[in-house]
Amino acid sequence: QYAGKADGTGEPLWSSRSHLEIEKAARAAGVPYLNSYEALHSPLAGSPRYRYYYAGDMHFNGSGNALWAAAHVNFLLDKRNNLLP
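In this report, we go over the structure that sits alongside the text. Every value quoted in this text rests on a predicted model; they were computed, and no experiment measured them. Along each chain, the written sequence defines residue order, and numbers are assigned to residues from 1. In keeping with the model being predicted, local features are shown solely for residues with a pLDDT of at least 70 and side-chain atom pairs are shown and tallied solely at 80 or more, while totals for entire chains, interfaces and linings include all residues. To obtain the side-chain values, all non-hydrogen atoms of the structure were included, while hydrogens and water were left out.

### With respect to the nonpolar core
When a protein is soluble and globular, its nonpolar side chains tend to lie buried together.
Phase 1 of the analysis: By nonpolar core we mean a set of buried residues, namely Ala, Val, Leu, Ile, Met, Phe, Trp, Tyr and Cys, connected to one another through side-chain atoms within 4.5 Å. Accessibility here uses a 1.4 Å probe with only protein chains present; expressed as a share of the type maximum, an area under 20% marks a residue as buried, one over 50% as exposed, and anything in between as partly exposed. Ranked by size, the top nonpolar core spans eight residues in total: Tyr-2, Tyr-37, Leu-40, Leu-44, Tyr-52, Tyr-53, Phe-60 and Ala-71.
Phase 2 of the analysis: Runs of H or I in DSSP of at least four residues are treated as helices and runs of E of at least two as strands, each being numbered from the N terminus. Top element by residues in this core is helix α2 (residues 36-44). It accounts for three residues.
Phase 3 of the analysis: Should any heavy atoms of two residues lie within 4.5 Å, those residues are counted as being in contact. For Tyr-52, the contacting residues outside a window of four places in its chain are Pro-43, Leu-44, Ser-47, His-59, Phe-60, Asn-61, Ser-63, Gly-64 and Leu-67.

Below you can see the structure in the form of structure tokens.
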């Protein structure tokens, strides 16, 4: 999703537009939204796929799932989102 080639180089294969549209709708509704594409962009962009994905698969491996989980925990715990007591 973040690069065109398996080694982490090249233009992204997919657009982040869908995430931006959902974020816009959430903002209009006054609800918090985790843009997971942007939350994971920094560690994933430019890194070889094998680092965070299973070989030949679009699913995260253990390292990728750890990034995914950390992004969600940070979002849930962020007091600005007012999601937890």
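### Brief notes about helix α3 (residues 62-77)
Phase 1 of the analysis: Working rule for helices: expected span equals 1.5 Å times residues minus one. Between the first and last C-alpha of α3 there are 22 Å, a value that for 16 residues agrees with the 22 Å anticipated at 1.5 Å per step.
Phase 2 of the analysis: The complete set of buried residues in α3 reads Gly-64, Ala-71 and Phe-75. The buried residues of α3 all sit within an arc of 30 degrees when viewed along its axis, so they share a single face. Within α3, the exposed residues directed more than 90 degrees away from the buried face are Gly-62 and Leu-77.
Phase 3 of the analysis: Looking at the buried side of α3, the elements it contacts are α2.
Phase 4 of the analysis: The definition of a polar contact used here is a pair of N or O atoms within 3.5 Å, where within protein one atom must be able to donate a hydrogen and the other to accept one, and adjacent residues in sequence count solely through side-chain atom pairs. The N-cap of α3, judged by a side-chain oxygen 3.0 Å from the amide nitrogen of Ser-63 a few residues on, is Asn-61. By definition, the arc is the one covered by directions from the helix axis to the C-beta atoms.

### Describing the packing of α2 against α3
Phase 1 of the analysis: Lines fitted to C-alpha atoms define the axes here, with helix axes fitted over just the stretch in contact, and angles between the N-to-C directions of these axes take values from 0 to 180 degrees. Where α2 contacts α3, the axes come no closer than 10 Å and their chain directions differ by 130 degrees. When the axis of α2 is compared with that of α3, the two are oblique. Here the hand of the crossing between α2 and α3 comes out right-handed. Residue-level contacts link Ser-36, Ala-39, Leu-40, Pro-43 and Leu-44 of α2 to Leu-67, Trp-68 and Ala-71 of α3.
Phase 2 of the analysis: Each residue is assigned to one class: nonpolar for Ala, Val, Leu, Ile, Met, Phe, Trp, Tyr, Cys and Pro, charged for Asp, Glu, Lys and Arg, and polar for all the others, Gly among them. Residues of the contact of α2 with α3, tallied by class, amount to seven nonpolar, one polar and no charged. The cut-offs work like this: below 35 degrees is roughly parallel, past 145 is roughly antiparallel, 65 to 115 is roughly perpendicular, and the gaps in between are oblique. With the far helix as reference, a near helix turned anticlockwise by less than a right angle produces a left-handed crossing, and one turned clockwise produces a right-handed crossing.

### Some details on the side chain of His-19
Phase 1 of the analysis: Looking at the element boundaries, His-19 is found in helix α1 (residues 17-29).
Phase 2 of the analysis: Overall, His-19 belongs to the buried group, its relative accessible area being 15%.
Phase 3 of the analysis: In this structure His-19 touches Gln-1, Tyr-33, Asn-35, Ser-36 and Tyr-37, once residues within four positions along its chain are discounted.

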